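Below are the chains, spelled out letter by letter.
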Amino acid sequence: MKTNILSAVSIAFILAALALSPRTACCGDLGFGAGFAERAAVSIGYEPGDSALCATNAGYAGWKGSDTIKEIKPFAGKFGCSLGDGNLYNVHSSMGESPWFVVTVKSKDGSLRSVCGSVGDDGSIDVSKPVDVTLSKNLDYSAVKEACGNMSYSAVGYSNTWSAGAPWHLTQGALFHNHFCPGVTSGYIIAKWLLKNAPLEAGENYNIIGLPHWCKEDSLMSALDVTPGKGGYFAMRWTDEQKKALPEDVARDIAGFFIKVKRENRAFKSAKVLVLGFDFHKDEFFEWAGENKHPELSNLQLALWAFERLDRLDYFVRLIKEIEIADEKEYERLLAPGGAPFKLVGLYK
Ligand SMILES: [Zn+2]
C-alpha cells in the first residue's frame, strides 16, 4: 500500500514537472515529411522490402522560422531509410530554403524511379508522378525536370551513385557539397592519395591551399576534417596572368598545396609542402561514355566513371613538387593575404 502511494505521488510529481517545463522552440512536427511519405509511397508503388533511397534537405532547410528536422522521421518507418543503412541522404542547404524530398526505388532489373516533393509557400505539399532516373545516354531528362524541377539533378545524381555503391565517405562529401559531380569525386580521390602517400605522424596535421579552388574543396574538408574555421583550409583564386606564368602542364592540372605541418607544444617545427596535380582523363572518359546531350548528365557519368577507378589513385593524382619549409615566417608567407604560393615554391617559369 505504502509503495502504491509513493508511486502515485511520484507520477503526479513527474506529470506536474512536465506540465511546468518550458516548451522548446525546436523541432515541431510540421507534417511535411509524413504527408510526402504517405503520398510518395502510393505514387511510386512502394512495397515493404523494396530497395529505396530517401534524400532530403530537411534539417538544414527552414520553414517560416521553424526547424525541419522532424520531417525526416517518417522515412525510416515508411521506406526503411536510415543513416546506418546508408540510404538516408541529408543534403546540405541553406536554412533559408524550403524543405524538399526525393524517394527512389530500385527495381530488380536495376532501373531507378523517383518521386519528388516540395513544399509550397502556403504549406501545401506538391508530390510528383514517378519518373525514370536511371542514368544513361537515353535518359529523358526533360521528363525528370518536369517531375522534379530543381530537385532533378539531386534525384538523378544521388539515386545513381547510391545504386552504384558509392563509398560513404565520398557520398558524405557530395551531401555537404549538395550535389554529386566529378569535382567532389576528385577531392575524395586526393584525400585517399594523401592518407596513403603522406599520412600524418605524431604532432602533424594537414593544411590545404585549394589553388585553384573547385568543387573538390568541399569533399576534402568532409573527408579530412580540415576546415577554414579551424585554420587549416585556404581557398584561393588565380588570375589569368598567374596561370600563364606557370609551366603549361602544371597550369593544366594543378589542384593545390597539400601541407603536412609539424608542431611541438603548438610551436611550428616544419612544413612539408606537396603540390599535387589532378587529371580527370576526360578524353578517355568521353571515348568510353560518348557525349551526352545534357552536359550536367555527362558530369554525373564522369563522376561514376571515376569512382569505379578508385583503386588507381596514381592514375588521377601526381606529385608536381615537394619542398620542406623550416622557417615559420616563410610558411606564414605562403598563407598570408598577398602571399604568392607559386613563387614561394618556385613554380613560376
Ligand atoms: Zn560540384
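Residues numbered from 1 in each chain as written. Predicted model: local features only at pLDDT ≥ 70, side-chain atom pairs only at ≥ 80, totals over all residues.

1. Focus: the domain arrangement of the protein chain
Rules: An automatic or database domain assignment provides the domain bounds reported here. By the convention adopted here, residues make contact when the C-beta atoms placed from their backbones lie within 7 Å. Every helix listed is a DSSP run of H or I at least four residues long, and every strand listed is a run of E at least two residues long, numbered separately from the N terminus. Polar here means any residue other than Ala, Val, Leu, Ile, Met, Phe, Trp, Tyr, Cys and Pro, which are nonpolar, and Asp, Glu, Lys and Arg, which are charged; Gly is therefore polar.
Assigned domains within the protein chain: domain 1 (32-165) and domain 2 (182-344). For domain 1 and domain 2, the distance between their C-alpha centres works out to 32 Å. Between domain 1 and domain 2, the contact holds 10 residues from the first and nine residues from the second. Here the element with the most residues in the side of domain 1 that touches domain 2 is helix α5 (residues 152-163); it accounts for five residues. Here the side of domain 1 that touches domain 2 is composed, by residue class, of six nonpolar, three polar and one charged.

2. A look at the nonpolar core
For the record, the criterion: The term nonpolar core means buried Ala, Val, Leu, Ile, Met, Phe, Trp, Tyr and Cys residues held together as one set by C-beta atoms within 7 Å. To sort residues by burial, count the other C-beta atoms lying within 10 Å of each one's C-beta; a count of 20 or more means buried, 12 or fewer means exposed, and anything in between means partly exposed. C-beta atoms are built from the backbone.
Ranked by size, the top nonpolar core spans 86 residues in total, and within it C54, V103 and I190 carry the most contacts. Both domain 1 (32-165) and domain 2 (182-344) contribute no fewer than three residues apiece to this core. Not counting residues within four places of it along the chain, the set of residues in contact with C54 comprises F75, F79, C81, N87, L88, Y89 and V103.

3. Details of the pairing of strand β9 (residues 254-264)
Test applied: Any two strands between which DSSP finds at least two bridges are classified as paired.
The sheet contact formed by strand β7 (residues 204-210) and β9 spans six bridges and is antiparallel. Note that in β9 the partner of E204 across the bridge is K262. The turn joining β9 and strand β10 (residues 267-278), which pair antiparallel and follow one another in sequence, is formed by two residues; a positive phi near 50° is taken by N265.

4. Quick look at the environment of D121
For D121, the location among the structural elements is in the loop between β4 (112-119) and β5 (125-127). Look at D121 and you get exposed, because 7 C-beta atoms sit within 10 Å. For the pair D121 and A58, spaced 63 residues apart in the sequence, the C-alpha separation amounts to 16 Å.

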